[in-house]
Amino acid sequence: MSARLRARTWVEPRANFARPRKLVCEPARAAEFFYSGQQGGAEMVAKMRERYEDSKLYRIRHSTAHVMAQAVMELFPGAKIAIGPAIEDGFYYDFDLPRTLTPEDLEQIQKRMVEIIKGKHPFVRRVVSAEEARQIFKDQPYKLELIEGLERGEVDEDGNPVEEKPEISIYQHDSFVDLCRGPHVENTAEINPKAIKLLHVSGAYWRGDEHNPMLQRIYGTAWNDPKELEEYLWRLEEAKKRDHRKLGRELDIFTFDEEVGPGLALWTPRGGAIIEEIEKLAKEVEFKHRYVRVRTPHLAKEDLFVHSGHLPYYAESMYPPMELEGVRYYVKPMNCPMHHKIFASRPRSYRDLPLRLAEYGTCYRYEKSGELFGLMRVRSLQMNDAHIYCSEAQFEQEFTDVIKMYLEYFELFGIQEYYMRFSTHHPRGLGKKYVNNPELWKKTEDMVRQAMQKNGIPYIEIADEAAFYGPKIDVQVRSAIGREFTLATNQVDFAQPARFELTFTNEAGQPETPLCLHRAPLSTHERLIGFLLEHYAGAFPVWLSPEQVRIIPITDSQNEYAVNLQNRLYDLGVRVEADLTPDRMNAKIRKAQLMKVPYMLVVGEKEMNAGAVALRKRDGSQQVMPVEEFIALITDRIRTRSAEL
RNA sequence: GCCCUCAUAGCUCAGUAGGUAGAGCGUGCCCUUGGUAAGGGCAAGGUCAUGGGUUCGAAUCCCAUUGGGGGCUCCA
């Protein structure tokens with residue numbers, strides 16, 4: 001996942017418009033950066049200032065990238081080098097090579113790197129003029145392009161936009177010279193040759209632009225000592241075990257079928273049970289927060305999406321149209337236009353606002369084939385969607401309320417690490433990527449910023465990543481093993497209400513355009529369940545478990561007792577199975593354990609005669625109790641959505 | 001979409017000097033009636049992803065397609 005990290009900037013409240021820059025954290029520290037619970041953001045902001053970039057590990061990784069580049073250059077004389085930064089947990093370097101790298105190449109390269117490191121070469125920094133730099137890198141077209149940018153003061157040597165014109169510096173160790181801002185370690189001796197490892201090769205566009213040539217990127221990792229490296233590799237292994245795709249198959253939650261199509265998940269009965277629970281939860285919470293539920297179709301005429309702006313701005317993410325009786329229809333990529341039409345279906349008064357329309361809407365998005373990723377990126381998705389129509393005066397209250405709803409959910413799911421990613425527009429995209437209305441962009445962005453600052457919500461501001469109709473907040477969460485996901489989203493929409501000429505009559509009797517807040521705290525079923533699978537490692541809390549109870553008769557003389565018990569629990573709404581196979585009890589326990597069923601009820605002669613059950617919890621603990629007591633226990637756990645087993 | 005890579009039984013995987021397939025788990029049946037993570041036996045199950053090509057002969061070599069994975073980019 002590390003390479004999925006995006007350019008970003010930590011911004012404290014009141015900071016000015018910030019441009020994206022590469023910033024990555026070592027995981028141990030990144031955890032501290034995340035906003036945890038309700039505490040104030042002040043000290044966290046201070047911690048944000050302790051940059052990963054200032055750490056020794058960062059310098060080690062950056063320097064190791066240079067060493068790797070040297071090794072590659074020696075192996076492939078004439079290779080073109082691009083950029084090679086340190087990233088979370090490691091580093092990479094991009095190359096333009098005459099042929100594709102193989103795993104054997106990586107071994108070769110790593111071997112050579114070890115030799116170079118052992119040579120104890122100092123890293124020497126030198127500031128040079130643009131002219132001299134061009135001379136040094138005359139055979140390196142990518143470097144020349146970067147020098148151009150540096151000279152114009154537009155980008156740094158990683159190609160990221162900068163505020164001030166930087167000086168041009170080069171770093172040399174042994175025979176290798178690189179255009180580089182640094183910092184580096186003093187000497188290759190500071191790199192532990194036993195704590196580095198090259199991981200894999202992949203393609204990467206020069207400067208991330210698909211119109212540019214595809215380069216070969218080598219990912220590697222580097223640590224202070226071999227123990228840390230080992231720990232890191234162990235963490236990768238652990239992450240594999242929690243991979244939602246693997247767990248989804250093992251626990252029989254969902255499946256994909258080639259004939260159905262890529263990115264189109266099929267939910268099995270067990271997955272369906274989880275979805276039922278999540279929808280039940282959402283309905284309860286939304287009821288409490290005064291939402292009303294609506295239902296809308298999966299497709300609509302072309303006109304609707306022209307009107308909404310989806311076709312002009314979002315067409316490439318939509319499935320192509322189907323034509324019927326000369327009319328073109330599209331399956332919806334979002335629910336908003338339909339909800340707007342419901343708003344418009346009758347005159348609205350300020351007394352109707354805020355109007356909160358909620359729907360678990362199914363949408364279809366044509367994600368590029370290479371984008372698909374298990375349940376996390378799919379083409380058919382069911383969203384915990386709602387649109388809140390409100391006046392400007394109500395905006396802050398509504399926005400804050402939505403944030404509070406997020407917090408409720410996070411507490412329930414035991415999500416302890418998260419932060420808000422505030423995506424704003426960039427003027428250069430006006431009329432292209434973004435609706436052309438600079439005043440409204442500024443106004444709504446200020447409103448969001450203000451609402452977050454007033455509520456002490458720390459956030460990261462990212463330029464040029466807004467939705468086409470307005471600024472948005474993405475909520476980034478970390479799973480129990482520290483992988484980061486975009487889960488919830490919260491978007492301000494000032495464009496569509498105007499496009500649809502939505503109005504309400506205000507207190508002065510005048511028509512006024514409402515603001516619209518899109519929000520999806522529980523994300524989509526697909527992404528949320530993918531996340532939860534990893535987060536819980538498949539061991540769902542009782543209320544969410546696809547199978548809550550497995551009844552295990554010891555011999556088949558208890559089968560009838562088991563079935564009666566099963567029926568009794570079933571009638572109480574408990575998801576329960578009785579294992580009547582001829583397996584021995586030990587095997588039955590093992591099977592239930594592997595399926596991560598929270599409660600096993602072992603029933604033998606003794607239990608049957610006493611009207612009792614021998615409860616074995618998923619954690620291995622055991623306790624014999626009357627049936628009534630167990631019923632009280634499980635119904636309480638389910639009712640309170642307890643995290644406790 | 002692009003670069004790389006992979007595709008053998010429901011699952012995990014063997015099967016390299018090209019001679020039309022194996023294991024474990026799972027499933028079914030039989031025996032076993034066993035007190036907290038695998039009792040034993042037998043059986044069924046694969047046109048080796050799909051379509052072409054090379055060859056006397058292809059799971060094995062080549063091409064294309066489909067799907068999966070690692071990334072780039074994008075996003076719920």
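Residues numbered from 1 in each chain as written. Chains lettered and ligands numbered in written order. Predicted model: local features only at pLDDT ≥ 70, side-chain atom pairs only at ≥ 80, totals over all residues. Heavy atoms only, no water.

**Let's talk about the sheet that holds strand 13 (residues 299-301)**
An order of 13-15-14 is seen for the three strands of this open sheet, with the pairing classed as antiparallel. Bordering the open sheet on either side are strand 13 and strand 14 (322-324), each of which pairs with just one other strand. Each strand of the sheet is rotated relative to its neighbour by a mean of 35°, with strand direction disregarded. Where strand 13 and strand 15 (residues 327-331) come together, three bridges link them in antiparallel fashion. Looking at strand 15, one finds that Leu299 is bridged to Val331. (Pairing = 2+ DSSP bridges. Helix = DSSP H or I, 4+ residues; strand = E, 2+ residues; numbered from the N terminus. Axes fitted to C-alpha atoms, helices over the stretch in contact; angles between N-to-C directions.)

**Quick look at the pairing of strand 6 (residues 169-173)**
Among the five residues that make up strand 6, four are buried, leaving the element largely enclosed by the rest of the structure. Pairing geometry for strand 5 (residues 124-127) and strand 6, over four bridges, is antiparallel. Residue pairing across strands places Val127 opposite Ser169, the latter belonging to strand 6. Where strand 6 lies against strand 7 (residues 176-179), four bridges are found, and the strand directions are antiparallel. Following the sheet pairing, His173 is matched in strand 7 by Phe176. Taken together, strand 6 and the strand that follows it, strand 7, pair antiparallel across an intervening segment of two residues, in which Asp174 is found at a positive phi of about 45°. (Buried < 20%, exposed > 50% of the residue type's maximum accessible area, 1.4 Å probe, protein only.)

**So, the environment of Pro546**
Counting through the fold element by element, Pro546 comes out in the loop between helix 16 (525-535) and strand 25 (549-553). Take Pro546: its relative accessible area is 15%, and that puts it in the buried class. The contacts of Pro546, once residues within four sequence positions are left out, are Ile253, Arg270, Ala273, Ile274, Phe540 and Arg575. (Contact = heavy atoms within 4.5 Å.)

**Structural notes on the packing of helix 9 (residues 269-288) against helix 16**
Axes are the key here: two packed helices are described by the angle between their axes and the distance separating the axes. Taken N-terminus to C-terminus, the directions of helix 9 and helix 16 make an angle of 110°; their axes are 11 Å apart at the nearest point. For the element pair helix 9 / helix 16, the angle class is roughly perpendicular. Taken together, the residues of helix 16 that come into contact with helix 9 (itself represented by Ile274, Ile275, Ile278 and Glu279) are His525, Leu528, Ile529 and Leu532. Tallied by class, the residues present in the contact of helix 9 with helix 16 amount to six nonpolar, one polar and one charged. (Parallel < 35°, antiparallel > 145°, perpendicular 65-115°, else oblique. Nonpolar A, V, L, I, M, F, W, Y, C, P; charged D, E, K, R; others polar.)

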